[in-house]
Structures are given as C-alpha cells and as structure tokens.
Amino acid sequence: MIVEYSSGKGLSLAEPEDFRNFKLRVKGDWNAGSVSVEGITFVDERNALISIELVPTLPGRPDGERWLKNYFAMIEAARNHGWIDAQSNAVRAHVER
C-alpha cells in the first residue's frame, strides 16, 4: 500500500490491496523540512509517521468491510513489529521520492 503525496494533487492511496508493504511516496520537489501534511509527521528524510485514521479516508481506498478488515489486520501486524507510534497513533512508513 502506498500513500502518495504531490503538492498539486495532495494525498491519495495507490496499490490499496497490498497489505504487506506500506510506504509514503512523495512526488515532485521535496525536503523533509519544507512539507507539512495533516496526518503525516516527517521523522527525517527517510521515515514518516502516518495517522492510522488518515489512510481509510484517502481517495483510492476501495469500498467495503473486507478492505477495512484487512487494513486493520495490517495495522495489528505493524504493531507487533514495533512500527506503531502509540503516542501519535500512527504507523511508521518509509519515504520514497
């Protein structure tokens, strides 16, 4: 699953059925200090925290309970691997440019 961000289009969801991978893809000119996106906290140039509640609201998300069930199963697996920031209720994502 890829959360995509571009300054022109904003946020969207790509490959929403891939529950084994999770990353943030930033398109266009970008550096961690210059971009501010609600629901996303840039930890550094290579990592970000994405709000767990944000992802299901993004354009590109399939409708239906099956997708939501699989998404929350992915979140629980991420929690078991230590990839959830409990304080911000966010999942850690690799940033790809």
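All of the points below concern the structure found in this document. (Residues numbered from 1 in each chain as written. Predicted model: local features only at pLDDT ≥ 70, side-chain atom pairs only at ≥ 80, totals over all residues. Heavy atoms only, no water.)

Looking at the overall build of the protein chain
A count of helices and strands for the protein chain gives 1 helix and 7 strands. What you see for the protein chain is a C-alpha radius of gyration of 13 Å, in line with the 13 Å of a compact globule of 97 residues. Each of the three principal axes of the protein chain carries a C-alpha extent, and together these read 35 × 25 × 20 Å. Within the span of the protein chain, comprising 97 residues, buried residues form 40% of the whole. Of all intrachain contacts in the protein chain linking residues separated by at least 6 positions in sequence, the fraction that spans at least 24 positions is 53%. Roughly 5900 Å² of accessible area belongs to the protein chain as shown, and the carbon and sulfur atoms make up 46% of that amount. Averaging the coordinates of the 12 positive side-chain charges in the protein chain and doing the same for the 14 negative ones gives two points 4 Å apart. (Helix = DSSP H or I, 4+ residues; strand = E, 2+ residues; numbered from the N terminus. Rg over C-alpha atoms; globule rule 2.2 N^0.38 Å. Buried < 20%, exposed > 50% of the residue type's maximum accessible area, 1.4 Å probe, protein only. Contact = heavy atoms within 4.5 Å. Areas by Shrake-Rupley, 256 points an atom, 1.4 Å probe, with all protein chains shown as cover. Lys, Arg positive; Asp, Glu negative; His and termini not counted. Charge placed at Lys NZ, Arg CZ, Asp CG, Glu CD.)

Focus: unusual backbone geometry
Phi at Glu15 takes a positive value of approximately 50°, unusual for a residue other than glycine. Of note, Glu15 is situated in the loop between strand S2 (10-14) and strand S3 (23-27). Residue class for Glu15 comes out partly exposed when judged on its relative accessible area of 46%. Despite not being glycine, Asn89 shows a phi value in the positive range, around 50°. Along the chain, Asn89 falls in the loop between strand S6 (84-85) and strand S7 (90-96). The partly exposed category is assigned to Asn89, whose relative accessible area is 27%.

Looking at the layout of surface pockets
Rolled over the atoms, a probe as big as a water molecule pinpoints where empty space is left. Quantified by volume, the largest pocket comes out at close to 270 Å³. Mapped onto the lining of the largest pocket, the elements with two or more residues apiece are helix H1 (65-80) and S7. Per-element accounting of the lining of the largest pocket gives the leading share, 4 residues, to S7. Split by residue class, the lining of the largest pocket holds 8 nonpolar, 3 polar and 2 charged. (1 Å grid on protein atoms, 1.4 Å probe; cavity = no way out; pocket = protein on both sides within 12 Å on 5 of 7 lines; lining within 4 Å. Points joined across faces, edges and corners; volume = space filled by probe spheres on them. Nonpolar A, V, L, I, M, F, W, Y, C, P; charged D, E, K, R; others polar.)

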